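Examination of the molecular architecture
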Amino acid sequence: MSMQILSEYLEYLEIERGLADNTVEAYRRDLSYFLDICNCELENIQRSHINNFILNLRENNYSATSVMRKIASLRGFFKWLCTNEYCKNDPTLTLEQPKVPKKLPKVISLQEIEHILSQDLSKLDFVIVELLYGCGLRVSELVNLKINDYDLSAKYLKCYGKGSKERIVPLGTKAVEAIKNYLPIRDFILQKYRIDTKKLLIHENGRNINRQDVYNFIHSQGKKINKTISPHTLRHSFATHLLENGADLRVVQELLGHSDVATTQLYTHISKKRLKEVYFSINNT
């Protein structure tokens, strides 16, 4: 019965809340794990079950970030259960979130970006780098771009972020050029394999680009600058470089699609940290 109700909740997250597939899958993993450990019906779950679950996570060396996410999953689930009268009491009401130390996101320099772009990249590779760095897209936003999600004349694209929230992002000259150079290649692939897809980014074999493809590609480019990087590193670098060059914090927030400006403010700390590094490197020579 508990798993049936969980399925109903996941359907609610997907259809009514409009959460992305990856987010819904994370909820499914977190809550299935919790229900397996509790091994009792939902209406019988008490605060002691929640405490034991958190203890289990810590004993299994889950990070504070993972514990925090699972607690958030439980809170959302039990709030929904009470609203829909599956439970009378919410055992997560007075639950405290663990404190997670803020880590500054990893960034790379403009020179390192230029070094990556100076390599022997395919037309598709150029588009990937230009949209991740030049537009600050999340990898999920990148791979879900469709052929009608941009306007090269008006120089903008629209993407769908967390919670399927739409935002408009300006396209720089290099990004526009990269897309223009790639489109004939895409058309050739579609004709060659006689396929019909709305997705913008496709492999030379006709398959749609997925998240893992992008992760693998960016990781391989990081080796060329002797750094371990991910698609999010380019997004972080996009935001940091904008702020370093005087962009308004609220503008950067809009470009990144952050719902809370506090998330964007983290990048101001990166800028200050890098300024200190430059200052001390100059004054120690």
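Heads up: the structure comes first, above all this text.
Now for a quick tour of the structure. Small disclaimer: the values here were computed from a predicted structure and weren't measured.

Looking now at the overall build of the protein chain. Check the secondary structure of the protein chain and you find twelve helices and three strands. Projecting the C-alpha coordinates of the protein chain onto the three principal axes gives extents of approximately 60 × 60 × 30 Å. Here the protein chain, with 285 residues, has 42% of them falling under the buried criterion. At a minimum sequence separation of 6, the contacts of the protein chain that also span at least 24 residues come to 57%. In the form shown here, the protein chain has an accessible surface area of approximately 16,600 Å², with 49% of it arising from carbon and sulfur atoms. Each charge class in the protein chain was averaged separately, 40 positive and 33 negative side chains, and the resulting centres sit 5 Å apart.

All right, on to the sheet that holds strand β3 (residues 166–170) then. Read from one edge to the other, the open sheet built from three strands follows the order β1-β2-β3, with strand pairing classed as antiparallel. This sheet does not close on itself; its edge strands, each paired only once, are β1 (150–151) and β3. Taken together, the two bridges between β1 and strand β2 (residues 156–160) define a ladder with antiparallel strand orientation. In the strand pairing of β2, D151 is matched with Y156.

With that out of the way, let us pick up helix α6 (residues 123–134). Under the 1.5 Å per step criterion, the end-to-end length of α6 is 15 Å for twelve residues, consistent within 8% with the ideal 16 Å. By the criterion of burial, α6 is predominantly enclosed, with nine of the twelve residues buried. Those residues of α6 that sit buried are L124, D125, V127, I128, V129, E130, L131, L132 and Y133. Immediately beyond the C-terminal end of α6, within one or two residues, lies G136, with a positive phi of roughly 70 degrees.

Now for the packing of helix α3 (residues 47–59) against helix α4 (residues 64–83). The relative placement of two packed helices is expressed as an angle between their axes plus a distance between the axes. The interhelical angle for the contact between α3 and α4, taken along N-to-C directions, is 155 degrees, at an axis separation of 11 Å. For the element pair α3 / α4, the angle class is roughly antiparallel. You can see that α3 and α4 cross each other, and the crossing is right-handed. Where α3 approaches α4, its residues I50, F53, I54 and L57 are matched on the opposing element by V67, K70, I71, L74 and F78.

Evaluation of the coordinates by the stated rule reveals eight salt bridges. For E112, the salt bridge identified is with K227, shortest N-O distance 3.0 Å. Pair noted here: E112 is in helix α5 (residues 110–117) and K227 is in the loop between α9 (211–223) and α10 (231–244), with a separation of 115 residues, a long-range link. A relative accessible area of 16% places E112 in the buried class.

Calculation rules
Residues numbered from 1 in each chain as written. Predicted model: local features only at pLDDT ≥ 70, side-chain atom pairs only at ≥ 80, totals over all residues. Heavy atoms only, no water. Helix = DSSP H or I, 4+ residues; strand = E, 2+ residues; numbered from the N terminus. Buried < 20%, exposed > 50% of the residue type's maximum accessible area, 1.4 Å probe, protein only. Contact = heavy atoms within 4.5 Å. Areas by Shrake-Rupley, 256 points an atom, 1.4 Å probe, with all protein chains shown as cover. Lys, Arg positive; Asp, Glu negative; His and termini not counted. Charge placed at Lys NZ, Arg CZ, Asp CG, Glu CD. Pairing = 2+ DSSP bridges. Expected span 1.5 Å × (residues − 1). Axes fitted to C-alpha atoms, helices over the stretch in contact; angles between N-to-C directions. Parallel < 35°, antiparallel > 145°, perpendicular 65-115°, else oblique. Left-handed = near helix turned anticlockwise from the far one by under 90°. Salt bridge = Lys/Arg side-chain N within 4 Å of Asp/Glu carboxyl O.

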